[in-house]
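Listed below are the residues making up each chain.
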Amino acid sequence: MRLFADTAHLPDIKELASWGAIDGVTTNPTLLSREEGEPEKILYEICEVVQGPVSAEVVSTDWEGMVQEGRRLAQIHPHIVIKIPATIDGLKATRALSEQGIRVNMTLVFTPMQALLAAKAGARFVSPFIGRLDDISSYGMNLIADILEIFDHYDFETEVLVASVRHPMHVLEAARLGAPIVTAPPKVIRQLIRHPLTDIGLEKFLADWKKLQERLK
Ligand code: G3P
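Residues numbered from 1 in each chain as written. Predicted model: local features only at pLDDT ≥ 70, side-chain atom pairs only at ≥ 80, totals over all residues. Heavy atoms only, no water.

Visitor: Is there a simple way to explain the site of the ligand in this structure?
Guide: Taken together, Asp6, Asn28, Lys83, Phe129, Arg132, Ala163, Ser164, Arg166 and Thr183 are the residues near the ligand. Asn28 has a polar side-chain atom sitting 2.9 Å from an oxygen atom of the ligand. Taking Arg132, its side chain carries an N or O atom lying 2.6 Å from an oxygen atom of the ligand. Protein chains bury 81% of the 310 Å² of accessible surface belonging to the ligand in isolation. Applying the majority rule of atoms within 2 Å of the grid points places the ligand in the largest pocket. Its residues assigned to classes, the shell around the ligand comprises 2 nonpolar, 3 polar and 4 charged. (Near = heavy atom within 4 Å. Polar contact = N/O pair within 3.5 Å; in protein donor to acceptor, adjacent residues only side chain to side chain. Areas by Shrake-Rupley, 256 points an atom, 1.4 Å probe, with all protein chains shown as cover. 1 Å grid on protein atoms, 1.4 Å probe; cavity = no way out; pocket = protein on both sides within 12 Å on 5 of 7 lines; lining within 4 Å. Sits in = over half its atoms within 2 Å of the grid points. Nonpolar A, V, L, I, M, F, W, Y, C, P; charged D, E, K, R; others polar.)

Structural data, given as structure tokens:
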């Protein structure tokens, strides 16, 4: 399973990349609005750190505008993937950009049928937002299972990129379902490595080793 960092915060991206933990990055207008500086410069810097896809989202809502914006964003760096919302204009723009060899990540996907249409339009990735479904008392992980099952029947090149991840259990469940990619906030990625028994165990090993060294003096 590939793990992407869902953030535009460069220090976090650098830190996670140094662990060998991340294979890509996803950003969106909200995440970029939290950072200081020019969004396009930030995106370029992220691309230089991460050896994998970096999603940059369009803010136009008409398909011609999305295509224009997507083409411009794609010029920032070869790692850039264009994030396009799951709307009718989004489908048209996805088709046009994909035909031009520009990879699209169809975002704000909340139903299996949106994912199916995204795949038909040529999206390279689809991003179902599971946390936001959980927020409205709808079990987000069912959406992942449905899309994986549908994609399994056909020959689409589209990969499921599990998004709107809120906690480690989302990552675990997505991995158990065999989702190819999960994008998670840095906080959640850090939670994946932490366990109190690891800390307690390490403390005990070090204390015992110190006692042994003192005995040997
Ligand atoms: O990858 C999409 C993600 O940024 C949305 O997450 O937590 O705002 O629903 P959230």
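Back to the text.
Visitor: Would you take a moment to explain the packing of helix 6 (residues 112–121) against helix 8 (residues 140–153) for this structure?
Guide: Two quantities define a packed helix pair, namely the angle between the helix axes and the distance between the axes. Remark: helix 6 packs on helix 8, axes separated minimally by 9 Å, with the N-to-C direction vectors making an angle of 40°. Overall, the two elements helix 6 and helix 8 adopt an arrangement that is oblique. Here helix 6 and helix 8 pass one another in a crossing that is right-handed. Every residue of helix 8 that contacts helix 6 at Pro112, Met113, Ala115, Leu116 and Ala119 is listed here: Leu143, Asp146, Ile147, Ile150 and Phe151. When the residues that make up the contact of helix 6 with helix 8 are grouped by side-chain class, the tally is 9 nonpolar, no polar and 1 charged. (Axes fitted to C-alpha atoms, helices over the stretch in contact; angles between N-to-C directions. Helix = DSSP H or I, 4+ residues; strand = E, 2+ residues; numbered from the N terminus. Parallel < 35°, antiparallel > 145°, perpendicular 65-115°, else oblique. Left-handed = near helix turned anticlockwise from the far one by under 90°. Contact = heavy atoms within 4.5 Å.)

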